[in-house]
Amino acid sequence: DSDIVDIPSAGTAVQLLNSRDKIAWIKIKSLAANSGIVYVGDSAVSATNGYELDPGGGIDGEVEIDFRPDTIKASNIYVDAASSGDDVSWIAILT
C-alpha cells in the first residue's frame, strides 16, 4: 500500500495510516517541495523527539524501517512538521 499524507499544522502530530493493519516494512519520504524538516515517531512525535527527515527528497529525507519478522500497528506511526502544509509519501508492506 502507499499514500501521500499532508501535515496541515506544524507542531501537530498526524497519524500516517488510520488502519488496523499491521506493517512489516515501511519507507517514509519527505517530499521534494517541502520547506521544513518532517519528524517521524509515535503519537507524541515533535521537533524535540522525532526522527528528522530533511526537506528536498534526498537520502536524508527518507527512512526505511523493517519490523520483520515482527510487525507494528499501522496506526502507531505519526508524523509532524516544522512547516505547515508539508507532506510525506510512504509505501509499506501490510499484513
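Residues numbered from 1 in each chain as written. Predicted model: local features only at pLDDT ≥ 70, side-chain atom pairs only at ≥ 80, totals over all residues. Heavy atoms only, no water.

A. Representation of the pairing of strand E9 (residues 86-94) in the model. For strand E1 (residues 2-7) and E9, the ladder comprises six bridges, and the chain directions are antiparallel. Each bridged residue has a counterpart across the sheet, and for Val5 the counterpart in E9 is Val88. Judged from the seven bridges that link them, strand E3 (residues 22-30) and E9 form a sheet pairing that is antiparallel. What sits directly across from Ile26, in E9, is Ala92. (Pairing = 2+ DSSP bridges. Helix = DSSP H or I, 4+ residues; strand = E, 2+ residues; numbered from the N terminus.)

B. The arrangement of the sheet that holds strand E4 (residues 38-41) in detail. Reading across the sheet, the four strands line up as E2-E8-E4-E5 and stay open at both edges, with antiparallel pairing between neighbours. Strands with a single pairing partner mark the edges of an open sheet, and in this sheet they are strand E2 (14-15) and strand E5 (51-53). Where E4 and strand E8 (residues 78-81) come together, four bridges link them in antiparallel fashion. Residue Val38 lies in a different strand from E8, and its bridge partner there is Ala81.

C. Spatial organisation of the pairing of E3. Pairing of E3 with strand E7 (residues 72-73) involves two bridges; the strand directions are antiparallel. If you follow Ile23 over to E7, its bridge partner there is Ile72. Note: E3 against strand E6 (residues 62-66), five bridges, orientation antiparallel. Looking at E6, one finds that Lys27 is bridged to Glu64.

That's the geometry; what it means functionally is another story.
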